[in-house]
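Understanding the architecture of this molecule
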There are 2 protein chains.
Amino acid sequence: MSRAATNLQIDSARLWGSIHETAQFGATAKGGVRRLTLSGEDKQVRDWFRKACEDAGLEVHVDALGSQFGLRKGRDMSKLPVGIGSHLDTQPTGGKYDGILGTLGALEVIRTLNDAGIETEAPICIVNWTNEEGSRFAPAMMASAAYVGDFTTDDILSRKDIEGSTVGQALDSIGYRGDKPVGFQKLGCFVELHIEQGPILEAEGKTIGVVDSGQGVLWYDGKISGFESHAGSTPMPLRRDALATLSEIVLAMEAIAKKHGPNAVGTIGEAVIANPSRNVIPGEIAFTMDCRSADGAIMDALDHDLRAAISEIAARRKVEVKIDLVWRKPPTHFDPKLIAAVENAAKTLGYSSRRITSGAGHDACNLNTVMPAAMVFVPCKDGISHNELEDATQPDCAAGTNVLMHTVLAIAGVAS
Amino acid sequence: MSRAATNLQIDSARLWGSIHETAQFGATAKGGVRRLTLSGEDKQVRDWFRKACEDAGLEVHVDALGSQFGLRKGRDMSKLPVGIGSHLDTQPTGGKYDGILGTLGALEVIRTLNDAGIETEAPICIVNWTNEEGSRFAPAMMASAAYVGDFTTDDILSRKDIEGSTVGQALDSIGYRGDKPVGFQKLGCFVELHIEQGPILEAEGKTIGVVDSGQGVLWYDGKISGFESHAGSTPMPLRRDALATLSEIVLAMEAIAKKHGPNAVGTIGEAVIANPSRNVIPGEIAFTMDCRSADGAIMDALDHDLRAAISEIAARRKVEVKIDLVWRKPPTHFDPKLIAAVENAAKTLGYSSRRITSGAGHDACNLNTVMPAAMVFVPCKDGISHNELEDATQPDCAAGTNVLMHTVLAIAGVAS
């Protein structure tokens, strides 16, 4: 690699400016962004992004699901492009960084290479994937899922939002139903820059998260059937209290996840008492469980330990507890060579880093099922995301983008 | 007491017939009764009760809150009457026995004394108290509370149901705003027969509960403020989970109530997670606590232990937990002479019995604040009450009514 390429740094102020300029599209009073996929605000940011890509000399195409692809030619066009990017849609009360950093960071990589006059061997393709968030249309990450063949294009086009509009209608309404079939743009690999959406990097004072895996997920629906009775006249030993049962399950799940830690989490996010009343012992509770690990064996152990604990609790308390596994997503293991490239870039640039598991799902996890993929994380304040309070620093965003750029240079190769 | 009086037994079939005849007023498809206070169905049962009292030779009066009083003269009218009775209103999906057994049992006592030609020294007054249940108008037990001076009559008359009708309007609409001022009928004491509404007598195979006390009540409103965060990306040690906090509080309350048992209970009946989502760690929960004991010192200990446990849990989990005591009702200690009279009646009649605390509130608890009072409990199936499944056996209902009658005879005295 040339000396120029080795020392290359992105333009931190320009990146920061792009992030804050586009944050006006759907800006909320509290400083966040409301930019639901395929909305008027999403059209605004897509138009901005297309123009920025064209200004940077990229060849821009849109596929049938609205994902935008901007191609920068390489010296050797027989090589598949290195894909980089993320998404520009947000949660209903989202922040300025989730997805946006990875997409505008990819743009910044192109601009920096352009300014430095660096040509890569392989081409580079920057991508804005449609509907990563999934808050208007289900499922989340639908465009990258269709790209890898998990869904047909027609299936996704027919999905409806809560008002009954289909994805197809929404694409047409903003003029983003592209003329290219899904999958038209072949990629050799994919690297996604993202805020962590968790508190680990900040807590440990690390700048770069080298994401080596994505957690697998177990989702359960549960129901406890105890016995509703009078809070005053039912002695403690004769109770069949659904809430006390749930409480033991919550604490058992916490203990089980900790036992299998640090590579495991377990959460009960929803619990609803039927016919609640201040002076009635809860008789019935519906609840959900969410268990995750990046290790398939640990996922099996979580499932086993949880079922065993629940059986014991239910039998001892003489209540019925039913749990149904409603979703099982296997863990993601990113590509070792790409992981090493990210780690090496961080090291070369002098940033502190640690290997990290992604707790959330990302487009890169879908892509990893058909091509080598990896991710770069940067810290976000207090681990807060999917929230208008979501925040990240300019130096961290710049550092992540530098790591992304040097990873790309290492993979694509610099034309000599 | 005469030999006739000593051996006297009520007419079990007649009592059972009255209970099932009146159960038609508001009968539900599932075999329960829906007879909200001052409703059309309540008017039907009141009319039936008035006619039955008149047929039994009683002098019937209605007070300004609709409570019905049927007086049977005694030999010595300078003595205050022995009051017996309960209520004829039910919960929206109530049963055939709660309140009804005590009121129709009182009527059966009168009918039996009439048939046997027994005159008592003191008069006997049977009472149907208005709105014991409190499900249409708050507070529960409002007529007996006004009788003892806890509320003015005008205050109670102005209370509104959910549709905006006042107690006064409801009384007028069924013709039961009586011409007697509240408190017009002085009573020397009051004895109430009731189903237990709990599982103890059935579990121990006892026929009669000699109620020596009523539980005091502590009601709290609580709020837990933790931190809402992503179920996938927040490691277990960094969580501030409101539901895990609640779970510890639920189990701590259970342990504390057991520690102070058997004379203590503690219940968390309501708990609502704010913005619940399957993949979000609960950040905020509102909940209620209900603690009861018949011992004032234990109530203080429950309050102390609970606050200490909650402080420790909140500090350890780095969450905020606020609890507010919203109601404190002191325990009821029934009159020792009346308790002894009930116990002696059960013994004389050969029924198995045990001292028992009332977990629920009753009109007798209100009356006990101004006069000697006591209660007689009989078993109910599985401890179920406030439910269409509420059930009791004919022999148990008859046994309780026999004990009520012999208690009355012992207190009122039989004219020789």
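Residues numbered from 1 in each chain as written. Chains lettered and ligands numbered in written order. Predicted model: local features only at pLDDT ≥ 70, side-chain atom pairs only at ≥ 80, totals over all residues. Heavy atoms only, no water.

Thoughts on the interface of chain B and chain A
- Counting from both sides, the interface comprises 52 residues of chain B and, opposite them, 52 residues of chain A.
- The contact between chain B and chain A buries some 4,300 Å² in all, and 64% of this surface belongs to carbon and sulfur atoms.
- Its largest share of buried area at the contact with chain A, chain B owes to Ser233(B), Met236(B) and Arg278(B), together 18% of the area lost on that side.
- For the interface between chain B and chain A, the tally reads four salt bridges.
- With a shortest N-O distance of 2.8 Å, Arg278(A) and Asp221(B) are connected by a salt bridge.
- Scanning the region where chain B abuts chain A turns up 16 residue pairs in polar contact (both at pLDDT 80 or more).
- Elements supplying a minimum of two residues to the side of chain B that touches chain A: strand 7 (216-225), helix 9 (242-259), strand 9 (265-267), strand 10 (271-273), strand 11 (280-281) and strand 12 (284-293) of chain B.
- Per-element tally for the side of chain B that touches chain A: the top contributor is helix 9 of chain B, with nine residues.
- Partitioning the side of chain B that touches chain A into residue classes produces 26 nonpolar, 15 polar and eleven charged. (Contact = heavy atoms within 4.5 Å. Buried area = accessible area lost by both parts, 1.4 Å probe. Salt bridge = Lys/Arg side-chain N within 4 Å of Asp/Glu carboxyl O. Polar contact = N/O pair within 3.5 Å; in protein donor to acceptor, adjacent residues only side chain to side chain. Helix = DSSP H or I, 4+ residues; strand = E, 2+ residues; numbered from the N terminus. Nonpolar A, V, L, I, M, F, W, Y, C, P; charged D, E, K, R; others polar.)

A few points about the UniProt feature "domain: Peptidase M20 dimerisation" (unreviewed entry) in chain A
- On the UniProt side, "domain: Peptidase M20 dimerisation" (unreviewed entry) is annotated at positions that read residues 216-316 of chain A here.
- Spanning residues 216-316 of chain A, this segment combines 39% helix with 30% strand, and its end C-alpha atoms are found 31 Å apart. (UniProt positions renumbered as here; feature names shortened; annotations may be inferred.)

A short note on the domain arrangement of chain A
Residue and element names in this part refer to chain A.
- Taken domain by domain, chain A holds domain 1 (3-214 + 332-412) and domain 2 (216-329).
- Its C-alpha centre places domain 1 at a distance of 37 Å from the equivalent point of domain 2.
- With seven residues of domain 1 in contact, the opposing surface of domain 2 contributes five residues.
- Our count for the domain 1 to domain 2 interface comes out at zero salt bridges.
- Along the contact surface separating domain 1 from domain 2 lie one residue pair in polar contact (both at pLDDT 80 or more).
- At the level of elements, strand 6 (208-214) and strand 14 (332-333) are the ones that each hand at least two residues to the side of domain 1 that touches domain 2. (Domains from an automatic or database assignment.)

Notes on helix 3 (residues 40-55) of chain B
Residue and element names in this part refer to chain B.
- Between its first and last C-alpha, helix 3 extends 23 Å over 16 residues, near the 22 Å set by a 1.5 Å rise per residue.
- Looking only at helix 3, the buried set comprises Asp 42, Val 45, Arg 46, Trp 48, Phe 49, Ala 52 and Cys 53. Projected down its long axis, helix 3 shows its buried positions confined to an angular sector of 160 degrees, all on one face. Across helix 3 from its buried face, at more than 90 degrees, point the exposed residues Lys 51 and Asp 55.
- Considering only its buried residues, helix 3 is in contact with helix 2 (12-22), strand 1 (59-62), strand 2 (68-72), helix 4 (100-116) and strand 4 (124-128).
- Looking one or two residues beyond helix 3, the residue adopting positive phi is Gly 57, at roughly 85 degrees. (Expected span 1.5 Å × (residues − 1). Buried < 20%, exposed > 50% of the residue type's maximum accessible area, 1.4 Å probe, protein only. Arc of directions from axis to C-beta.)

Here we look at the pattern of salt bridges
Residue and element names in this part refer to chain A.
- The tally for this structure, following the rule as stated, stands at 50 salt bridges over all chains.
- Between Arg 50 and Asp 47 there is a salt bridge whose closest N-O contact spans 3.5 Å. One end of the pair, Arg 50, and the other, Asp 47, are both in helix 3 (residues 40-55), three residues apart, so they sit about a helical turn from each other.
- Residue Arg 50 is classed as partly exposed on the basis of its relative accessible area, which comes to 32%.
- Judged by relative accessible area, Asp 47 falls into the partly exposed class, the value being 24%.

Some words on the relation of the copies chain B and chain A
- Screw-axis analysis of chain B against chain A gives a translation of 0.0 Å along the axis, an RMSD of 0.1 Å, and a rotation angle of 180 degrees. Taken together, the rotation and translation relating the two chain copies correspond to the operation of a two-fold axis. Across chain B, the smallest distance between a C-alpha and the rotation axis is recorded for Ser247(B), namely 2.1 Å.
- By residue overlap, the copies meet face to face through one surface: 100% of the interface positions of chain B are interface positions in chain A. (Least-squares fit on C-alpha atoms with pLDDT ≥ 70 in both.)

Quick look at the pairing of strand 2 of chain B
Residues and elements named next belong to chain B.
- The buried fraction of strand 2 is high, at five of five residues.
- Burial along strand 2 is two-sided: the residues Gln 68, Gly 70 and Arg 72 and Phe 69 and Leu 71 are all buried.
- Two strands pair when backbone bridges link them, and strand 1 and strand 2 are joined in this way by four bridges, in the antiparallel orientation. Bridging from a neighbouring strand, His 61 pairs with Phe 69 of strand 2.
- The antiparallel pairing of strand 1 with strand 2 creates a hairpin that spans five residues between the two strands, and Gly 66 there sits at a positive phi of about 90 degrees.
- With five bridges joining them, strand 2 and strand 4 adopt antiparallel strand pairing. Residue pairing in the sheet places Gly 70 in a bridge with Ile 126 of strand 4. (Pairing = 2+ DSSP bridges.)

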